[in-house]
Each structure stands twice: as structure tokens, then as C-alpha cells.
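Structural characterization, general
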Amino acid sequence: MFFRAVEGSSHFMNQQSREFRVRETGLVDNTLAIPLHRVIERTKIAGDAAKNENSRLEFQDLTRRLASVQAGMTAFLDQSEDDHVYWVERSNGENKSVSLHSAPIDVSPQLSKLFFRGDKACILTSATLGVGEAEDLSYFRQRVGATSTVAVNIASPFDFEKQMRLYLVKSMPAPGTKEHEAALPKWIEHFLDLSQGRAFVLFTSYTQMTRIAEQMEEFCEDRGWTLLVQGRNLPRHQLLAEFRKDTHSILFGTESFWTGVDVPGEALSNVIITKLPFAVPDHPLTAARLEHIEESGGNPFTEYSVPEAILKLRQGVGRLIRTKKDQGICAILDNRVLTKPYGRAFLNALPPCPVEILS
């Protein structure tokens, strides 16, 4: 009943909307407070009465977790955490659920106190901390509160000049238009022919990905290439297993395939980026961070949206070259890297390699 009330009080924009930002306290009555308290008391009693150490520890852990849920629910409804954003999230799949979320708008003060006080060593490493700026990694350092720490930018062990080629398509229509989506199959097919399949095609929209996949099934079938599409029956790990096994296969993916995927060797010889990965500005957390920057007198687009998209693009392109023996191509089907003033920042952040601009 509690979560039904939460969903009923959340004014989602439409049937497809997943998030609703809660801006005021008291979204619903905390009807779970008393039942949760009773359960917590019973787990305490059961823990005290347990006859062996393992059972007692399990009940104590359960008690702590239930108390954490109770405290979190109260904090959410009261919005007691300063400088946090609160939202309700629902899933629209077969197993529908509603969950409560909160997050700090700016994590740098907390991380600065935890890790960068000067009395302990803390080393952070990643292949995609920088956004193409100078070696001081200023954007990342500011985001995590490491403004007084030492930053070192170490060159990649890969020879991108020899291992990779980047293609840009200047004639692509503006992203977000019907014309752009209509042009995607033609150019995806062009670059798939160059690599004989063996490609990731990365999308920022699940809906657009499924539409393009339907249009390209016959093309792939004619060439004998297996088309693997995220969300079609197979879970992520099985999609990757099938992709690795079938050398000329093609994988269409969204969010989870831009990062954390490692396919060395010729199975992945092409990464096609259909659109620059700007975050959806109406997600509650993103919206709150943009508002925070604007209220502080900054420019939300250049100070947050562009750097975050650059990091995501670097991660997507980074799927291509995983070892010193890998070779391949990358294509960006978003002409804003050539036509917009901020486009140069995206290109500067990518590995130094031969670039070919197609009209």
C-alpha cells in the first residue's frame, strides 16, 4: 500500500517516464514506520535469543539493514539531507517496481573530507579521467574535491596513429531530427562494410536503437552477419559471449555497452557512435546539478554537460583498442563535432589518430 501511494502521488510526465522529482516534504504518509519498527524489535529479540554465534550475527546484520531502510525512508519523506535531490523511480518492465532515491548534488565536499585531507594517501586511476584539458585533470579534480592534490597524465601504451582510424560524417543531419535517424542506416551500413561486421553500434536511445535494428536486419542477413541487439531475449553477458564467438557479428547497444566492456582481438574492429552522449537533462540528478551550477553563476552546458559527454564518448571509443595488437576504425555519426564550437573539445579528447572527414 505504501509504494502504491508513492506511485499515485508521483506525477510522471507520461507513461514512459521513469523518474519523478520530489521537491517538497510529505509526499505520502509514512505508513511503514510502525510496521518496520515492530520488525526491527523482533529481529533484535531473535538475535538475543539465538543459540549460536552465526545466527546472532545474521540477525544483528538484518537489524542494521532494516534500521537503515527505516532511516532512509524517513530522510526521504522529510528531505532532511541538505543539498540533496530526491526522486521516485519506477520500472516499466514485466516486474514493475517503485523505488525512492536521493543523492547529493555536489559530492566534492564529502569526498574532500574523506580522501583528500592531507593525512592519508589516496591514488585514483582511470583511462578516462581527463576531458582533453591540460595535464592537471582540473574537471575531475573539481568534481571529487581533489583541488589541492597532484595529478599526473600518463601517455597510453597504445600506438593509436597506427592502430586506429577515425571517421567523421559532415553531411549528417542534425541529431534529434527525423532526417538524422533516416540517414543512420545508410551510414551504419557503409562502415559495417568497411570492417566486415565485427562492430559495436552504440546508441543513446533504446527506442531509436530498436527501430534502426529492425531496418537493418535484412542488410545483415544478406551478408551472413549475426545482428545482436540489447534487450532481445539475451542478457548482457550472453550477448557479449555470442559477439566474441561469432567473428563477424554486430552488436547494437545502449548505456551499459559504452563502458566496462572488454573485447580484445578482431571480433571488435569497429565502433560506431550514432550520437554524442549528452546526458538527458530532465533526469532529477542531472537537472539538480545543472541548476546548482547556474545558481552559482556558472554555465551548466560548458561546465557540466559537455565534459560529462566527453568522458562518455571517450569511454565508448575506448571499447575499440584493448591491446597493442588491436586495430580498427571508429565512426562518429554526429556532425556537431565539426559544426559546433564545442566540437573541437570532443575531438581533442580522443586518442591521436588519422581522421577522415566524409561529406
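Note that the coordinates shown come from a computational prediction; the quantities given were computed from them, not determined experimentally. All residue numbers refer to position in the chain's written sequence, counted from 1. pLDDT decides what is reported in this predicted model: residues at 70 or higher carry local features, side-chain atom pairs at 80 or more are listed and counted, and totals for whole chains, interfaces and linings draw on all residues regardless. With hydrogens and water stripped out, all remaining heavy atoms of the structure feed into the side-chain values.

1. Re the overall build of the protein chain
Under the scheme used here, helices are H or I runs from DSSP no shorter than 4 residues and strands are E runs no shorter than 2 residues, and both carry numbers assigned from the N terminus. Within the protein chain, the regular secondary structure consists of 13 helices and 10 strands. Considered along the principal axes of its C-alpha atoms, the protein chain spans approximately 70 × 50 × 45 Å. By the burial criterion, 42% of the 359 residues in the protein chain qualify as buried. A contact between two residues is defined here by any heavy atoms of the two lying within 4.5 Å. Restricting to contacts in the protein chain with at least 6 residues of sequence separation, those with at least 24 account for 70%. A total of about 20300 Å² of accessible surface is found on the protein chain, and carbon and sulfur atoms cover 50% of it. By the counting scheme adopted, Arg and Lys are positive, Glu and Asp are negative, and His together with the chain ends is not counted. To locate a charge, take NZ of a lysine, CZ of an arginine, CG of an aspartate or CD of a glutamate. Counting 41 positive and 45 negative side-chain charges, the protein chain places the centres of these two groups 3 Å from one another. Only protein chains enter the accessibility calculation, which uses a 1.4 Å probe. A residue is then buried if its area is under 20% of the maximum for its type, exposed if over 50%, and partly exposed in between. Accessible surface is estimated by sampling points in the Shrake-Rupley manner with a 1.4 Å probe; for residues, cover comes only from the protein chains shown.

2. Digging into the sheet that holds strand 2 (residues 84–90)
Paired strands, in this sense, are two strands between which DSSP finds at least two bridges. Sheet architecture is open: 3 strands sit in the order 1-2-3, paired in antiparallel fashion. With partners counted over all chains shown, the strands left at the sheet margins are strand 1 (19–22) and strand 3 (98–104), one partner each. Mean inter-strand twist for the sheet, computed between neighbouring axes without regard to direction, equals 25°. The sheet contact formed by strand 1 and strand 2 spans 4 bridges and is antiparallel. The residue of strand 2 that forms the bridge with V22 is Y86. On the sheet, helix 1 (residues 2–9) packs against strand 1, strand 2 and strand 3 and is oriented at approximately 65° with respect to strand 3. Packing against the sheet, helix 3 (residues 53–78) makes contact with strand 1, strand 2 and strand 3, and its axis sits at approximately 110° to strand 2. The convention used is that axes are lines fitted to C-alpha atoms, helices contributing only their stretch in contact, and that angles between N-to-C directions extend from 0 to 180 degrees.

3. Section: helix 3
Side chains that are three or four residues apart share a direction in an α-helix, a result of its 3.6 residues per turn. For helix 3, which comprises 26 residues, the first-to-last C-alpha distance of 37 Å matches the rise-based estimate of 38 Å (1.5 Å per residue) to within 8%. Those residues of helix 3 lying buried are T63, L66, M73, A75, F76 and L77. Check the buried side of helix 3 and you find it contacts helix 1, strand 1, helix 2 (33–49), strand 2 and strand 3. Between a side-chain oxygen at the N-terminus of helix 3 and the backbone nitrogen of N54 the separation is 3.2 Å; the capping residue is N52. Q79, located one to two residues past helix 3, shows a positive phi value of around 50°. Residue count minus one, scaled by 1.5 Å, sets the expected span of a helix. Any pair of N or O atoms that falls within 3.5 Å is considered a polar contact. Within protein, one atom must be able to donate a hydrogen and the other to accept it, and sequence-neighbouring residues count only if both atoms are side-chain atoms.

4. Digging into the pattern of salt bridges
Any carboxyl oxygen of Asp or Glu that lies within 4 Å of a side-chain nitrogen of Lys or Arg is treated as forming a salt bridge with it. According to the stated counting rule, one finds 18 salt bridges in the structure shown. Residue R232 pairs with E217 through a salt bridge whose shortest N-O separation is 2.8 Å. One end of the pair, R232, is in the loop between strand 6 (227–229) and helix 9 (236–245); the other, E217, is in helix 8 (residues 206–223), and 15 residues separate them in sequence. Here E242 makes a salt bridge to K245, at a shortest N to O gap of 3.4 Å.

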